[in-house]
Amino acid sequence: MAYNVAIDGPAGAGKSTIAKAVAKKLGLIYVDTGAMYRAMALFMLRELVDPRDGDAVSQKCKEADITIDYENGEQVVFLNGENVNGFLRTEEVGNMASVISVQPAVRKKLVELQQALAKKRDCIMDGRDIGTCVLPDAQVKIYLTASSHVRAQRRFDELAAKGQKCDLEQIRQDIEERDYRDMHREHSPLRQAEDALLVDTSDMTVEEVIAHITEICERS
Ligand code: DC
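## Quick word on helix α2 (residues 33-46)
With 14 residues, α2 ought to run about 20 Å at 1.5 Å a step, and its terminal C-alpha atoms sit 20 Å apart, in line with that. Among all positions in α2, only T33, A35, M36, Y37, R38, A39, M40, A41, L42, F43 and M44 are buried. The N-capping residue of α2, defined by a side-chain oxygen 3.1 Å from the backbone nitrogen of G34, is D32. Backbone geometry just downstream of α2 places L48 in the positive-phi region, at approximately 55°.

Written out as structure tokens, the structure is:
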């Protein structure tokens, strides 16, 4: 059986930064499941599908072939054969991903892909439902969180560093809306698995979180 680490938590908790670094230290592949939902969201945006029309989203998702591969250790997401990595990390795509991910047809398709990957490869996978639904038997489960103020400030700093204009209060509101949607949806809502360890990073540096989680993995 492959060695699997599951990391769940709300938007902006630092999951991908931490998971990427821990994966490198421990020689695991990093699977960013949010990027798969984002690729599906990009497809819906491009196809002008109304995200609130559940039937339309469920029908349309059948036409999206999403696969992932690794280039120089980086996850690359392909949407119908096109490398879409460069289009995924915008607020528009993130918010759309949160809206369309409530649809069972979308989740079923992407969860199957995630489970097949984790079966074959030792990996650290992050998302919202990894410890609860995708990898219930993962050897390590972490629930990574931070206050919405801290998460909004981090996202603001990230966007500002890229030279993108943004409004801190708007980012905080978007984050809280996204949390609410992700935690209250009917199918696989974001929640801490009973056997997951809670790590609140509000007052921790990135280096401290990486060291802490690496140690947890090495112990198990
Ligand atoms: O982690 P992220 O911000 O890239 O994820 C974008 C959205 O995708 C998130 O708001 C909800 C959805 N998502 C999900 O429902 N399940 C996952 N395992 C990962 C992401």
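Next comes the rest of the write-up.
## Describing the site of the ligand
Close to the ligand lie 16 residues; R38, R107, R128, D129 and R185 are nearest. Measuring from an oxygen atom of the ligand, one finds a side-chain N or O atom of R128 at 2.9 Å. Taking D129, its side chain carries an N or O atom lying 2.9 Å from a nitrogen atom of the ligand. Burial of the ligand by the protein chains amounts to 97% of its free accessible area of 450 Å². For the shell around the ligand, the elements supplying multiple residues, two or more each, are α2, α4 (91-100) and α8 (168-184). For the shell around the ligand, the residue count by class is three nonpolar, five polar and eight charged.

## Digging into the packing of α4 against α8
Contact geometry for α4 and α8: axes closest at 9 Å, N-to-C directions at 20°. In terms of their interaxial angle, α4 and α8 are classed as roughly parallel. Crossing handedness for the pair α4 and α8: left-handed. Side by side, α4 and α8 meet where E91, G94, N95, S98 and V99 of the first sit next to D174, R178, R181 and D182 of the second. Looking at the contact of α4 with α8 residue by residue, the class counts come to one nonpolar, three polar and five charged.

Thresholds applied
Residues numbered from 1 in each chain as written. Predicted model: local features only at pLDDT ≥ 70, side-chain atom pairs only at ≥ 80, totals over all residues. Heavy atoms only, no water. Helix = DSSP H or I, 4+ residues; strand = E, 2+ residues; numbered from the N terminus. Expected span 1.5 Å × (residues − 1). Buried < 20%, exposed > 50% of the residue type's maximum accessible area, 1.4 Å probe, protein only. Polar contact = N/O pair within 3.5 Å; in protein donor to acceptor, adjacent residues only side chain to side chain. Near = heavy atom within 4 Å. Areas by Shrake-Rupley, 256 points an atom, 1.4 Å probe, with all protein chains shown as cover. Nonpolar A, V, L, I, M, F, W, Y, C, P; charged D, E, K, R; others polar. Axes fitted to C-alpha atoms, helices over the stretch in contact; angles between N-to-C directions. Parallel < 35°, antiparallel > 145°, perpendicular 65-115°, else oblique. Left-handed = near helix turned anticlockwise from the far one by under 90°. Contact = heavy atoms within 4.5 Å.

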